[in-house]
Every structure is written in C-alpha cells, then in structure tokens.
Amino acid sequence: MSKRKKKNTVLRIISGFLWLLALISMGYLCYLIYTANILPTKYYMILVGVMVFLILMFILFIRNKNSRAWILIICDIIFIPLIGITYFANDKLDDTLKFLKDNLNAKYETNIYNVVVNKNSNINSISDLNNKTIKLVNDMDDKTLLEKSINKKIKNSKLEYSENVAELLYEVKDNIETIIIVNSGNYDAMVEEDQEYTNSVKVLDTIEIKQRIENTSTGVDVTEDSFIVYLSGIDTRSGKLPAKSLSDVNILLVVNPTEKKILMVNTPRDYYVQLHGKTGLKDKLTHAGLVGGVNMSMSTLEDLYEIKVPYYVRVNFNAVVKLVDAIDGITLYNDQTRSFSCWTDRDCVFKPGNNNVKGKCALAFARERHAYTEGDRHRGENQEQVIQKIIEKVTSSKTLISKYSDILTSLNGTFETNITTEEITSLVKMQIDDMSGWTIDTYNVSGSDLYAYTYSYPSRELYVMNPNLKTVEEAKVKLNQALNKN
C-alpha cells in the first residue's frame, strides 16, 4: 500500500470516529430538545437538517476511498467544533431539565416547629422533656403527624392545647416552667415584634413535618392568556421554606405573553387587610402566611384586588444573595441625595446614584426602609428594582453563557412554585420563536401609619399600614388593564 493510501486510510478512520461522535452528540441533543419541547419547529428542523448533512458527508466523502486528504481534513475541521458545541448544549440542557424537574410544580410542603423553653430553664436538650407537659396551638393542619413526631422524640409527654399562639409565646418568655412547640413562622413573627425576645427564650430543637400536596390545573395557556404570579419573599432563620411563614415581599406579577409586558404591583408587608375567610380583626398581610401559608396570602390578595391569582413563587431571601453573587453582582440606584448604611447590614453603604453590589448588599437594599421618609412603601420600590435588575442581567446573553450553571446552582432548592415544567418550557419556546423584548412596569399601593390590634395578635397593638384606598383602586385598574379585562 502506498504512503498516500495509508495516509488517506488513517484520515478516514479519524474522520469516521469524529463523525460518529458528532452524530451521537447531535442525536442526543435532538432527543433532549424533543423531550423538553422548548424549540420551535423551524429551529428543530434546522437541527434535523444538520444531522442529514452529516450523514451525506459520511456517504459522499468518508466512505469514499477515493476522497482526497484535503476533503477529509475539511470534514474533521467541521466535526471538531460541532462536537464541542453540541456537547456544551447537551450539558446545559441536561442541567436545565433536571433543575426544572426538581424545583417546579411543588409536590411537598414542610411545616417546621420550634421547641421553645425559657432562657433560665434547667431544660437544655430535647431528652430533658421526657414526662413533661408541653403546650401547643390547636389550629395546625398536621396535628396528628406532629403528635406522632413528638412521641418519637419525647417519652411520656403530656400535650396541652391553646387557642392563642401569642399567649403561648408570651407565657414561655415569662414562665420558667413553660414548654411550648410553635410553628417557626410564629416564632419568627414574635422575634420581629420584640427585638429582645431571643434574650428571654431558647430553641431546643425543631420538628419538621413534610406532606405531599396536589396541584390542580389552572386552565391557563401561558403563551396566550395573561396571568398573575404571586411572588412571595420569605425570611426564615432556618434558611428553609416552611409552609407557614412571614411573607416580607408581596408582589403580583402580571405577565402578558402576547404583548410581552410585565406589570409588578407591590403590596407592603404591613398592609392592614381582612384575611381571606376570617372575620373580626384585620391583620398584617405578612401574617396571612402564618395563618394559612401561601394559599392564604394569595386568597387575601385576590380579595383585596378582586382578581384571580393562579400561580405563586415562594423564594427564601437566601436566594437573592446566592443569585446576585452567581451573576457577579448588579447595579442598584440610590435615589436619595445622601449616602446611607442599611439598617440590616451596616457594612452595606449606598452613595447617591448607581452602586455596584454583591448579594448581601442587594438583599440589604431590598430590606431597607429606615433611610426613607416613605418607609415601607420605598422598600417595596427597592424590592422591585432588585428584581428588575436581576431579570435584566440574568437574561443577557453574556451572563447566560458564562454563568448558566452558577445561576442554576444558586437557585436550586431556594424556591418553590406551582408553575409546571410544561408551562415554563412553553414560555421558553414562545420566546425563542419570537425573540422580542419585554417591557416592565411597576406600581406600589400606599397607606398611612397606624397601631392596631390584629387577628394574629389580638391582645397587643402592632404597627400596621392603613391602606390608601385610592391607590388600591388604581392598582385594580392597572391589574385589569394588564390582564386585558378593560
């Protein structure tokens, strides 16, 4: 065999190997895209066309023993970058599908209970509670499951039930003999209202009750119908997502997929509203999450604005820190004429104008209210700005390519939602097909300062925000316009 023929034989073997790798990689990509249903037909057919092109190249050139060396080299030059590109795409798409499967369409909810005793109590561990009387609240949805969990941890305990969680929390603060088990959200609420509360009590242990939930169909076509997503931002000391907790961020996002518009309506956490299905005293909006979880918060907002909210996304504040760090920070605008240090983190100082910040200061900015005369209303505007800046940076092509895996990792396990994988992929498919930009508008309802008794804490006046009904009516108009109902 001549040297030329030997050289061509080696080149054909190399080309054939590269062709096989390219075809396998391309075929797997087509399979993933078909399974996920995220690519419009016109683009999917282009992928299929590339595969047909690869097969034709194999038949015409690689299997042809008379093909010249330079033709085989050109084939190799085509195959090598194609393998790299499809391998990268397969890896990212695999990660995406796993992320969507793990985090969308919430399947479980978890209630977290704190075992609390007086700071000066001789009880120092859960084992010291054997044969003791423990007090609980008689309004829990998982009473039987909680009792079973208590009996597994504590021997021969006697359970006494109360109708008022606030009374129990005050009692354990004042009585060295009292032992209580309360929802972690109620404990967090007490700590928020009484800054010195943690100096009077100690949490011995936590009990987690996990239950499966069933999500019903919303009947919404997210690519055709305007719809509302309730964005609930919670702040828990556990860093987890308990089913019942304070909701410090309460934003309704109206998504209009046909006009590519998003409206964000912010309702202050301390808004004094009637909780859905409850009579008597009104309460802070943030307490709705304590009483009935995310469904109570959604229903209360539905009552306030006379609209239907089919979707929710609950996000722990830790997600903001992780996500902003994953995208190498965001730029936030301080509209004050002076610098200020955030009250939740004095290391975070914002000068007038633009400020480039990392995650912890982005979160501090979203929490800030003491630096403004408008207080909680301006905090809502800050929250909207943080969300908008994150959306803008995350959706930029540069960030998506360079930080894609970091973004998914930062978000994994930090939120829960009833939005399904199919609904998200439908939106992605629509966006890829259209590629047009979105416009974002915001609106904040306002109110006045007030101290009042609340449904959750009927024996003590708390700070609340008395709604400005004019702004509530304006919000209703804007919501209905965004939903194309006017």
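Shown above is the structure to which this text applies.
Below is a short write-up of the structure.

**Re the nonpolar core**
And step 1. The biggest cluster of nonpolar side chains holds 46 residues, and the ones touching the most others in it are Ile330, Leu332, Phe350 and Val386.
And step 2. Ranked by the residues each element gives to this core, the list is headed by helix 9 (residues 359-367), at six residues.
And step 3. Not counting chain neighbours up to four residues away, the residues in contact with Phe350 comprise Leu332, Asn334, Arg338, Ser339, Phe340, Cys342, Asn355, Val357, Cys361 and Phe365.
And step 4. Among the nonpolar cores identified, the runner-up in size contains 27 residues, and Ala106, Leu252, Leu285 and Ile307 belong to it.

**Some details on unusual backbone geometry**
And step 1. Even without a glycine there, the phi angle at Lys260 is positive, about 55 degrees.
And step 2. In this structure, Lys260 sits in the loop between strand 7 (247-256) and strand 8 (261-266).
And step 3. Positive phi, normally seen in glycine, also occurs at Asp328, with a value near 65 degrees.
And step 4. Looking at where Asp328 falls in the secondary structure, it is placed in the loop between helix 8 (318-326) and strand 12 (330-334).
And step 5. When its relative accessible area of 43% is taken as the criterion, Asp328 is described as partly exposed.

**Remarks on the sheet that holds strand 2 (residues 133-137)**
Think of a sheet as strands paired side by side through backbone hydrogen bonds, with each pair either parallel or antiparallel.
And step 1. Spatially, the five strands line up as an open sheet ordered 3-2-4-1-5, and their pairing is mixed. What marks the edges here is a single partner per strand, and that holds for strand 3 (158-162) and strand 5 (201-212). Strand after strand, the sheet turns through a mean of 25 degrees between neighbouring axes, direction not considered.
And step 2. Across the sheet, helix 4 (residues 143-153) is in contact with strand 1 (108-118), strand 2, strand 3, strand 4 (179-183) and strand 5; its angle to strand 5 comes to roughly 130 degrees.
And step 3. Each of strand 1, strand 4 and strand 5 touches helix 6 (residues 184-193); the most contacted strand, strand 4, lies at about 100 degrees to it.

Scoring rules and cut-offs
Residues numbered from 1 in each chain as written. Predicted model: local features only at pLDDT ≥ 70, side-chain atom pairs only at ≥ 80, totals over all residues. Heavy atoms only, no water. Core = buried A, V, L, I, M, F, W, Y, C linked by side-chain atoms within 4.5 Å. Buried < 20%, exposed > 50% of the residue type's maximum accessible area, 1.4 Å probe, protein only. Helix = DSSP H or I, 4+ residues; strand = E, 2+ residues; numbered from the N terminus. Contact = heavy atoms within 4.5 Å. Pairing = 2+ DSSP bridges. Axes fitted to C-alpha atoms, helices over the stretch in contact; angles between N-to-C directions.

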